[in-house]
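Observations on chain architecture
The chain contents come next:
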Amino acid sequence: MLKRHVTVWAMLPALFAFVSCSRPKTVDDAALRSADQDTSNWLTYGRTYDDHRFSPLSQINEQTVSKLGLAWSRELGTTRGLEATPLVEDGVIYTTGSWSMVYAVDAKTGEIRWTYDPKVPRENAYFICCDVVNRGVALYKGKVFVGTLDGRLIALDEKSGAPVWTASTTDSAKQYSITGAPRIAKGMVIIGNAGAENGVRGYISAYDAETGKMAWRFYTVPGDPSKGFESKAMETAAKTWTGEYWKTGGGGTPWEGIVYDPALDLLYFGTGNATAWYRAIRGGGDSLYTASIIAVHANNGELAWYFQTTPGENWDYDATQPLMQADLTIGGRARKVIMQANKNGFFYVLDRETGEFISGAPFVSGVTWATGLDPKTGRPIESPGAADLKPVIVSPSPDGAHNWNPMAFSPTTGLVYLGAKVGTQFLHAPDPKWKYDAERSNLALDPMYDGPLAAKLGTLPPATGELVAWDPVAQKAAWRVKNPTVEDGGVLATGGNLVFQGRGDGTLVAYRATDGKELWTFDAGTGIMAPPVTYTVDGTQYLSVMVGWGGAPGLFNAPGSGPVKHGYGRILTFTLNGTATLKAPPYGHKDPPVPAITTNASPKTIHEGSLLFNSNCGPCHGINAVAGPVPDLRYATKEIHQDFENIVLGGNRASAGMPSFKNILNADQVKAIQAYIVSRARESSKK
Ligand code: CA
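This is a predicted model, so every value here is computed, not measured. (Residues numbered from 1 in each chain as written. Predicted model: local features only at pLDDT ≥ 70, side-chain atom pairs only at ≥ 80, totals over all residues. Heavy atoms only, no water.)

Here we look at the overall build of the protein chain
- Per the secondary structure count, the protein chain includes ten helices and 37 strands.
- What you see for the protein chain is a C-alpha radius of gyration of 25 Å, in line with the 26 Å of a compact globule of 687 residues.
- Considered along the principal axes of its C-alpha atoms, the protein chain spans approximately 100 × 55 × 50 Å.
- By residue count, 61% of the 687 residues in the protein chain fall in the buried class.
- Relative to all contacts within the protein chain whose residues are 6 or more apart in sequence, the contacts with residues 24 or more apart total 62%. (Helix = DSSP H or I, 4+ residues; strand = E, 2+ residues; numbered from the N terminus. Rg over C-alpha atoms; globule rule 2.2 N^0.38 Å. Buried < 20%, exposed > 50% of the residue type's maximum accessible area, 1.4 Å probe, protein only. Contact = heavy atoms within 4.5 Å.)

Observations regarding the side chain of Arg-634
- Its location among the elements puts Arg-634 in the loop between helix H7 (603-621) and helix H8 (638-642).
- We classify Arg-634 as buried; its relative accessible area is 12%.
- Of note is the side chain of Arg-634, whose polar atom sits 2.9 Å from the side chain of Ser-684. (Polar contact = N/O pair within 3.5 Å; in protein donor to acceptor, adjacent residues only side chain to side chain.)

Thoughts on the pattern of salt bridges
- Under the defined criterion, the tally for this structure stands at 34 salt bridges.
- Arg-113 serves as the salt-bridge partner of Asp-106, at 3.3 Å between the closest nitrogen and oxygen.
- Through salt bridges with shared partners, a single ionic network connects Glu-83, Arg-135, Arg-183 and Glu-256. (Salt bridge = Lys/Arg side-chain N within 4 Å of Asp/Glu carboxyl O.)

Quick notes on the sheet that holds strand E3 (residues 87-89)
- Here four strands make up an open sheet; going across it, the order is E3-E4-E5-E6 and the pairing antiparallel. The sheet terminates laterally at E3 and strand E6 (112-116), the two strands that pair on one side only. Taking the axes of each pair of neighbouring strands and ignoring which way they run, one obtains an average angle of 15° across the sheet.
- Pairing of E3 with strand E4 (residues 92-96), which is carried by three bridges, proceeds in the antiparallel orientation. Looking at the pairing, Glu-89 lines up with Val-92 of E4. (Pairing = 2+ DSSP bridges. Axes fitted to C-alpha atoms, helices over the stretch in contact; angles between N-to-C directions.)

A short note on the nonpolar core
- Counting residues in hydrophobic clusters, the biggest one holds 86 residues, and the most contacted among them are Phe-145, Ile-190, Trp-216, Phe-218, Phe-500, Trp-520 and Phe-574.
- At five residues, strand E36 (residues 540-547) tops the list of elements feeding residues into this core.
- When neighbours within four sequence positions are excluded, Trp-520 is seen to be in contact with Val-65, Ser-66, Leu-68, Phe-500, Leu-508, Val-509, Ala-510 and Phe-574.
- Among the nonpolar cores identified, the runner-up in size contains 45 residues, and Val-259, Leu-266, Met-339 and Leu-373 belong to it. (Core = buried A, V, L, I, M, F, W, Y, C linked by side-chain atoms within 4.5 Å.)

Considerations on the sheet that holds strand E15 (residues 258-261)
- Judged by pairing direction, the sheet is antiparallel, and its four strands sit side by side in the order E15-E16-E17-E18 without closing on themselves. Each end of this open sheet is capped by a strand with a single partner; those strands are E15 and strand E18 (303-308). Strand-to-strand twist of the sheet, defined as the mean angle between neighbouring strand axes without regard to direction, takes the value 15°.
- Across five bridges, strand E17 (residues 292-297) lies against E18 in antiparallel orientation. Along E18, the bridge assignment pairs Val-296 with Leu-303.

Overview of the coordination of the calcium ion
- Donor atoms from the polypeptide that bind the calcium ion are Glu-197 (OE), Glu-197 (OE), Asn-273 (OD1), Asp-316 (OD), Asp-318 (OD) and Asp-318 (OD), placed at 2.2 to 3.2 Å.
- One way to put it: the six donor atoms around the calcium ion meet at angles of 43 to 166°, and that makes the site irregular.
- Taken in chain order, the donor set of the calcium ion reads E-x75-N-x42-D-x1-D. One end of the pair, Glu-197, is in the loop between strand E12 (188-191) and strand E13 (203-208); the other, Asp-318, is in the loop between E18 and strand E19 (324-330), with 121 residues separating them in the sequence. Each member of the pair, Glu-197 as well as Asp-318, carries the same accessibility label: buried. (Donors = N, O, S within 2.8 Å, 3.2 Å for Na, K, Ca; no water. Tetrahedral: all angles 85-135°; square planar, octahedral: opposite > 155°, others 65-115°.)

As for the confidence of the model for the protein chain
- Counting all residues, the mean pLDDT for the protein chain is 95, and 96% of those residues have values of 70 or more.
- Across residues 1-24 the pLDDT falls below 50, and counting only partners more than four positions away or on other chains, this stretch makes four contacts in the model. (pLDDT = per-residue confidence, 0-100.)

A short note on the state of the cysteines
- Inspection of every chain in the model, using the stated rule, returns one disulfide.
- In this structure Cys-617 is a free cysteine whose sulfur lies 9.2 Å from that of Cys-620, the closest cysteine sulfur available. (Disulfide = S-S within 2.5 Å.)

Things to note about the pairing of strand E37 (residues 570-576)
- E37 sits mainly inside the fold: six of its seven residues count as buried.
- Relative to E37, strand E2 (residues 68-75) runs antiparallel, the two being bridged by seven bridges. The partner of Glu-75 across the bridge, within E37, is Arg-570.
- Note that E36 and E37 share six bridges and pair antiparallel.

Quick look at the packing of aromatic side chains
- Tallied over the full model, the rule gives 29 aromatic pairs.
- Aromatic side chains Phe-218 and Tyr-289 sit 6.5 Å apart centroid to centroid with 50° between the ring planes, which places their arrangement in the tilted category. Within this pair, whereas Phe-218 is found in strand E14 (residues 214-219), its partner Tyr-289 is found in the loop between helix H4 (279-282) and E17, the two being separated by 71 residues in sequence. Taken individually, Phe-218 and Tyr-289 each receive the classification buried, so the pair is uniform in this respect.
- Relative to Tyr-676, the ring of Phe-613 lies with its centre 5.6 Å away and its plane at 55°, an arrangement referred to as tilted. One end of the pair, Phe-613, is in helix H7; the other, Tyr-676, is in helix H10 (residues 667-685), and 63 residues separate them in sequence.
- What makes Tyr-676 buried here is its relative accessible area of 6%. (Phe/Tyr/Trp six-rings, centres within 6.5 Å; stacked < 30°, edge-to-face > 60°.)

Remarks on the environment of Thr-494
- Looking at the secondary structure, you find Thr-494 in strand E31 (residues 488-494).
- Spatially, the C-alpha atoms of Thr-494 and Ile-647 are 49 Å apart, while their sequence positions differ by 153 residues.
- If we ignore the near neighbours within four places in the chain, the residues touching Thr-494 are Phe-54, Ser-55, Leu-57, Ile-60, Phe-500 and Thr-534.

Here it is, written out as C-alpha cells:
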C-alpha cells in the first residue's frame, strides 16, 4: 500500500510536466496578450494584438532560405481570390476560402481535418463589390469564429467544425456583406461589415464569444434624426451631413482593419466611404465618421476619439487598411502610435491614446487628389477640381495606393513593409441624376460617361507595384523593390532578417529585410493576394500561404495590371529542405475564342453594349470582356448565347453565382451587351 502511494507520488511531477506541455492549450485572453512569446503558433489575425505580423522565428533565415522547399500543397478547387491569414494552433491551420468556407488542416501534412460550408446564397454575389472572399477566422476558447458573406457571425467547435451558435449581424433585407476576419477582445468577438457602395449604414458589433449575445454596437454614421441619435457621437456626426443622408444608409462600413490595445482597452478600426461616393452629390460636409480611423472603448463601444483621413470623402478612399500599433520614439519623445498606409496614398502616424496627428506623408509618387497634409491637423489639402461634379481623372484609384493587404513591422529594422500601388488612375464622372436605389449599386458614378477623359485615361502611363520598406519615424522609404505586377500580396517579416511577399504573377519571394535583396523565389502557380504566416510544429519552422487570384483587381482584370496569373486556389506550406513538388492544374483558354453566334448589331449598339458591359458585367467578367476567375464570355457557347436573356434577366444561373439583373437592365440593353461580347470574341479570335 505504502509502496503504491510512493509510486503514485513519485509519478506526479512527471504527470504535471506532461500536463503543462500537453496540447491543446486554449486560446484565452492571456494567450492572446502574450502571443508574441508563443512563436510556435499564430493565434490572431496580425499574430499579435499590435498587428506586427513579425515572427521572431529564425530557422528560416537569410543564410538558410535558399533551402526552403515545399512541404505540401492542398488544392481548394476554387478560382476566386483567397485573402485569408491562416491561424495556427498546436499544429492545426484554421483558414477560410471562397464563399466563407472554413478549413481546419493538419499543418504538418496538409490533411483536411474538417471543412465547414456556411452555404452562402450564391445570388448574393451581385452585392459583393470585390469577389466572394474572406480574410480569415478568429480563435478563442475552443471555438473558431467566421463572418459570412451574407452577414452571419458563426462560432464553430474547434475540434469538429460543428456550429455552436450563429448570430445574424446584419439586416438581410439590406445589401450588407462580411469579408473581414473577426477579432477577439476580452471575451468578445468583434465584427464589422461592408456594403457602403450599395448604400447601407455601417457599424461594428461585439458579441459574447461564449453565447453569441450582442454586447454592444457602434454605428459609424448617423441614422434618421427623427428617431433620435444613439449617442452624442451620432449627434455630432449628423452636423457634418447634408439633406436626408440617412435615406441612403450613409455608408462608412468598417470592413477591415480592426486592432485592440489591451493596455489602453481601446479598440481601433477604419471606416469606408460614404454613400454616395461623391461629396457634391451628397450635398457637401465632412460626412463623419466615414473614411476615418476610430477608437472606441472596448467595454462599451463608446467613442474615444476619431481621425478622419479623408474628410468629405469623394474617391472611395476607405480607411479600412490594416492598423498597426507600435511604441516609437519620435522627436525624442516616446509615443504610443497607430499607423496606417491609407488607400489615399498617405502614411499616417497617430497617437493611439488621443488620436492626435503626429505625422503623415505620401508613400507613393503621383498622388493627385491632394497636394499634401496640413502639418498640424493632418487634414488633406485637396487639389483644385478634384471633388467637383465635373469628370476628373484622379490618382490613386478606388483600389488605393494600398488596400486591405496586410503589412508587417520588424522591430529589428524599425521598418514597415507593405505592398504599394503607384500611379493607379481612375476617371471619376459623377452622375448628377443619381437617385438612391436599394436594388443596385449606389456609387453615383455615371456608368455611361463617354466624354474625352475616357480616351485620355487609356493614354496615361500604366500603374506599377512596389514592395516598400517604410521608416515610420522619418516618414520616408528605406528601400523599394519594383514588382512586375501592380497588385501584390500581404507581407510577413521574420527574425531571420526576412520579408516574404507573394505577387500577382504567382511568385512567392523572400527578401532580406535590411535592404530588399531578393534571396529566394517559388512559383506558386496562381497569383497571391494573401499574407504568409510562420509557426513551428515539433520544433520545425513552417511557412504557409493561401494562393488564389481574384478580389476586385482579379475580377476586373484591367489591362496594365502586369503578368497576373489566374488559376486554382491552394494552400502551400514550406519548410527547410522540403521536397514536395507542386502540380498546379492548368486553367484558362489556350486558344483564341471563336464567336459562337453572329449578330447584325450596328456599331452604335455594340458601343452602347461596351459601356453597359464595363459598368455592369466588367466588375466580375473583366473589363473589355477579358475575364480571370469567372467565365470569360468571349468563349460563351451557342447554348449560353441562346439562353443569354434567361441567364442575365431570368436568373437561370443564380445558384452558380450569376445573379439576375432584371432590376437593372432591360431586354434591349441585354441584347446590346450580347452583341458587344460577340464582337469582342470576333476581335480576339483574329489575334
Ligand atoms: Ca469603398
